[in-house]
Amino acid sequence: MTTAGLILLDHGVALLGVACWFATGVTAALRRHRLAGGLLVAAVLATVARVGTVAALAGQGWWFVQEKVLLGLPLLGAAGLAAVLIAGPPLRAARQTPGAVVALLTAGYAALAGPVVTFTAGYPLRWSTALIAVSLVGAGALLTARVLTVPAAAPVGAGSPGLSRRGVLRLAGGVVTAGAGLTGVGLLFRDPRPVETGGGPGPAAAGSRATVSVADLRGPRAPAPGGAVRRHTLTARAATVTLASGTAVKAWTYDGKLPGPAITARQGDLIEVTLRNADVEDGVTLHWHGYDVPCGEDGAPGATQHAVAPGGEFVYRFRADQLGTYWYHTHRASHPGVRRGLYGTLVVTPRAAAGEPGLDLTVPVHTFDNAVVIGDREGRTVHIARPGAAVRLRLINTDSAPHRFTLAGATYRLVAVDGRDLNRPGEIRQTGLRLPAGGRYDVVLTMPDTPVTLNLDAGDGTGLLLRPAGHTGPDPARPDTSRWPELDLLHYGEPAPWPFDVRAADRHFTLVLDRALAMVDGGPAYAQTVVGRGHPSVPDQLVAEGDLVRCTVVNRSLETHPWHLHGHPVLLVSRDGRRGSGSPVWVDTFDVRPGEVWEVAFRAGNPGIWMNHCHNLPHQEQGMMLRLVYDGVRTPFADPDHTH
Ligand SMILES: [Cu+2]
């Protein structure tokens, strides 16, 4: 069973246990003794089964079970054992005692506390969570005891003066419960650690070394020798754009276009883009997704610049040293900014074109409220190619969810991922390509003398049709590709030596992704969390220039998280503890699906302050973001409430 399957099964068994314990308590209270006895057996069995699911899940990693092992199960175990001891004998004798009902319902509260802690706090378990959970279960027990064992019409002043033994016990229980609860609530407001060092040295002591501002980490002003200057001015503005396919889209745009103007360069050129903002009230930036620009050009508001407000301007300059397929988008209010249209493509080709020109198509996919488009068209776009010509398709996913592409009618090779070439990628056919949010695949094929289709997802016919020049037959229907297997990047292409030994990493960080109650941008939220926190309360990751950094990314949730680090490509090391057998794969975005554990590594060679976040942009907005901070680099742009 997959880890995600185990997570779901464990949730199910936990909820079954809650239902059984409460049902036992209620039926006992109603004096349905035989039914209560049967339910008690079921509750015990569900609890034992829960131990089994948690144990199985523990085999996938401690992150998946920590709060269950340390809190949920011990609490339930203690309360359940007490319930069996207290309620078992009277139930067997078909008697009811108030104490039995209290004990059974208390086991119900304890059973409920486990999943509540899992869904609201998760990993890592904190003292505040544990104390509040124990306190709430205690409060539930005391209240239940009070309701069930104090006669509603007790005569005032009757009974013995002073406290009975039961009264003393209750008073003590109340004090302990209140104390635990108050301590737990107090601990909630303890500030999180501001920085994680990943086992490496901490920040250099203030004043002991020079610091550099990200404002000074800017790109060069001239191209490489022989290179050109590619100058653009992009003006962000709201516009209603009529797509080539005829649909009108109310959008935020760069230059009134969807997508924004395509930026292309030859390797070594200087790209200089002046961003102006006409009327996008939230402000805009340009982030060069996957392009390892100097940090000051990265377009991350609150870290590398202030967002460009209406009437404002910012000039980006960087050398087009990296070849390949990239894209740009706003990083200010990315959700909804990117979804509404603030994106465009960036393609860098070699200085000298190799061989005869074939067909080179940039294929950005985007989903608007009322249209799914490739480029600026819905439906199927037709291109003509000469049989025998080299065709390159540059697939770009500009959405927040993965897309599945299938190419029918030809064999092909996936030659580059996120702009970086794979080593000896083999020919494949009838294989699906799942492209993470923000990711890019470069696919090449030799045009056959029959039509080829590129198909998007399962749906509506969105895609490309490559028609051979001179072809007169009918165009092919959309093929059924739903059963095609999915290419596993970890086992594609041929191995090649890695540029470093990941076992010798200088720092190792672990990011556990989940949902929980947390503060996001100054307000409480049911957040998308990293180690239980929401942005900007997630601790920074500290690195020093030159460090080899390992990062483990764990997904405890039931949603996919396309993880995206700015400024650095990361090498995919392993998934669920297993290394790949194929080409080294360098990416800037990798999908961490539910229950998966990825390990990646990178060399810290681009000083700055870099955003590290989920590229499902609604998740990012809901807190799933942190910063990678180089020691000695500071930002004058900090704006902790508005850094999306
Ligand atoms: Cu996510």
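Report on the accompanying structure. What you see is a predicted model, and the numbers here were worked out from it, not measured in a lab.

## Some thoughts on the coordination of the copper ion
Part 1 of the argument: Within the protein, the atoms that donate to the copper ion are His561 (ND1), Cys614 (SG) and His619 (ND1), at distances of 2.0 to 2.1 Å.
Part 2 of the argument: Taken in sequence order, the residues that donate to the copper ion follow the motif H-x52-C-x4-H. Residues cysteine 614 and histidine 619 agree in their burial class; the two are buried.

## Observations regarding the environment of threonine 240
Part 1 of the argument: Of note, threonine 240 is situated in strand 3 (residues 229–242).
Part 2 of the argument: Taking the C-alpha atoms as reference points, threonine 240 and glutamate 427, 187 residues apart in sequence, are found 43 Å from one another.
Part 3 of the argument: In contact with threonine 240, other than residues within four places in its own chain, are Ala248, Val249 and Lys250.

## Details of the nonpolar core
Soluble, globular proteins show a tendency: their nonpolar side chains are buried together.
Part 1 of the argument: Counting 82 residues, the largest nonpolar core has Leu393, Leu395, Leu414, Val443, Val530, Trp563 and Phe590 as the members making the most contacts within it.
Part 2 of the argument: Sort the elements by how many residues they give to this core and strand 33 (residues 625–630) lands first, with five residues.
Part 3 of the argument: Other than its neighbours up to four places away in sequence, leucine 395 contacts Val363, Phe405, Leu435, Gly439, Arg440, Tyr441, Val443 and Leu454.
Part 4 of the argument: Grouped together as the second largest cluster of nonpolar side chains are 25 residues, Ile271, Val280, Tyr316 and Phe318 included.

## A look at the sheet that holds strand 24 (residues 540–543)
Part 1 of the argument: The mixed open sheet is built from six strands, whose spatial order is 1-24-33-32-26-30. Here the strands that pair on one side only, and so sit at the sheet edges, are strand 1 (195–196) and strand 30 (589–592).
Part 2 of the argument: As paired elements, strand 26 (residues 561–565) and strand 32 (residues 609–614) share three bridges and run antiparallel to each other. The residue of strand 32 that forms the bridge with tryptophan 563 is cysteine 614.

## Concerning helix 6 (residues 165–188)
Part 1 of the argument: An ideal rise of 1.5 Å per residue puts 34 Å on 24 residues; helix 6 measures up with 35 Å between its terminal C-alpha atoms.
Part 2 of the argument: When helix 6 is considered as a whole, its buried residues turn out to be Gly167, Thr177, Ala180, Gly181 and Gly184.
Part 3 of the argument: Those residues of helix 6 hidden inside the fold are in contact with helix 5 (127–149).

## Thoughts on the pairing of strand 23 (residues 523–530)
Part 1 of the argument: Bridge count between strand 22 (residues 507–520) and strand 23: eight bridges; the pairing is antiparallel. By the bridge assignment, leucine 513 is partnered in strand 23 with valine 530.
Part 2 of the argument: Counting the residues that bridge the hairpin from strand 22 to strand 23 gives two residues, and of these aspartate 521 lies at a positive phi of roughly 50°.

## Some remarks on helix 3 (residues 66–92)
Part 1 of the argument: In this model, helix 3 (27 residues) spans 36 Å end to end at C-alpha, consistent with the 39 Å of a helix rising 1.5 Å per residue.
Part 2 of the argument: Following helix 3 by one or two positions, alanine 94 adopts a phi angle in the positive range, close to 55°.

## Overview of the environment of threonine 510
Part 1 of the argument: By secondary structure assignment, the location of threonine 510 is in strand 22.
Part 2 of the argument: Residue classification places threonine 510 among the partly exposed positions, given a relative accessible area of 31%.
Part 3 of the argument: For the pair threonine 510 and valine 531, spaced 21 residues apart in sequence, the C-alpha to C-alpha distance is 8.3 Å.
Part 4 of the argument: Ignoring sequence-local partners within four residues, the contact set of threonine 510 consists of Trp63, Val531, Thr552 and Val554.

## Remarks on the packing of aromatic side chains
Part 1 of the argument: By the definition in use, this model includes 11 aromatic pairs.
Part 2 of the argument: Centroid distance tryptophan 288 to tyrosine 328: 5.7 Å. Interplanar angle 55°. Geometry classified as tilted. You can see tryptophan 288 sitting in strand 7 (residues 287–289) and its partner tyrosine 328 sitting in strand 9 (residues 324–329), a full 40 residues away along the chain. Considered together, tryptophan 288 and tyrosine 328 belong to a single accessibility category, that of buried residues.
Part 3 of the argument: Ring pairs connect the aromatic residues Tyr254, Trp288, Tyr291, Phe314, Tyr316, Phe318, Tyr326 and Tyr328, which therefore count as one cluster.

## Brief notes about the pattern of salt bridges
Part 1 of the argument: According to the stated counting rule, one finds 27 salt bridges in the structure shown.
Part 2 of the argument: Note that glutamate 67 and lysine 68 form a salt bridge whose closest N and O atoms lie 3.2 Å from each other.
Part 3 of the argument: For glutamate 67, a relative accessible area of 1% translates into the label buried.
Part 4 of the argument: Each member of the salt-bridge network shares a partner with another, and the members are Asp10, Arg50, Glu67, Lys68, Asp514 and Arg556.

## Details of the sheet that holds strand 4 (residues 248–254)
Part 1 of the argument: Sheet architecture is open: four strands sit in the order 4-3-6-8, paired in mixed fashion. Each of the sheet's edge strands pairs with one partner strand only, and the pair in question is strand 4 and strand 8 (313–319). When strand polarity is set aside, the average angle formed by the axes of neighbouring strands in this sheet is 25°.
Part 2 of the argument: The sheet contact formed by strand 3 and strand 4 spans seven bridges and is antiparallel. By the bridge assignment for strand 4, alanine 238 is matched with tryptophan 252.

## Regarding the packing of helix 2 (residues 33–58) against helix 3
Part 1 of the argument: Running from amino to carboxyl end, helix 2 crosses helix 3 at an angle of 160°, the nearest separation of the two axes being 11 Å. Considering the angle they form, helix 2 stands roughly antiparallel to helix 3. When you trace helix 2 past helix 3, the crossing you get is left-handed. Of the residues in helix 3, those touching helix 2 at His33, Ala36, Gly37, Leu40, Val44, Thr47, Arg50, Val51, Val54 and Leu57 are Lys68, Val69, Leu73, Leu76, Val84, Gly88 and Leu91.

## As for the packing of helix 1 (residues 3–29) against helix 4 (residues 98–120)
Part 1 of the argument: Two numbers describe how helix 1 lies on helix 4: the axes approach to 8 Å, and their chain directions differ by 160°. The pairing of helix 1 with helix 4 is recorded here as roughly antiparallel in orientation. Handedness of the crossing formed by helix 1 with helix 4: left-handed. Across the interface between the two elements, His11, Ala14, Leu15, Gly17, Val18, Trp21, Phe22, Thr24, Gly25, Val26, Ala28 and Ala29 from helix 1 touch Val101, Leu104, Leu105, Ala107, Gly108, Tyr109, Ala111, Leu112, Pro115, Thr118 and Phe119 from helix 4.
Part 2 of the argument: Split by residue class, the contact of helix 1 with helix 4 holds 17 nonpolar, six polar and no charged.

Parameters at a glance
Residues numbered from 1 in each chain as written. Predicted model: local features only at pLDDT ≥ 70, side-chain atom pairs only at ≥ 80, totals over all residues. Heavy atoms only, no water. Donors = N, O, S within 2.8 Å, 3.2 Å for Na, K, Ca; no water. Buried < 20%, exposed > 50% of the residue type's maximum accessible area, 1.4 Å probe, protein only. Helix = DSSP H or I, 4+ residues; strand = E, 2+ residues; numbered from the N terminus. Contact = heavy atoms within 4.5 Å. Core = buried A, V, L, I, M, F, W, Y, C linked by side-chain atoms within 4.5 Å. Pairing = 2+ DSSP bridges. Expected span 1.5 Å × (residues − 1). Phe/Tyr/Trp six-rings, centres within 6.5 Å; stacked < 30°, edge-to-face > 60°. Salt bridge = Lys/Arg side-chain N within 4 Å of Asp/Glu carboxyl O. Axes fitted to C-alpha atoms, helices over the stretch in contact; angles between N-to-C directions. Parallel < 35°, antiparallel > 145°, perpendicular 65-115°, else oblique. Left-handed = near helix turned anticlockwise from the far one by under 90°. Nonpolar A, V, L, I, M, F, W, Y, C, P; charged D, E, K, R; others polar.

None of this, on its own, says anything about what the molecule does.
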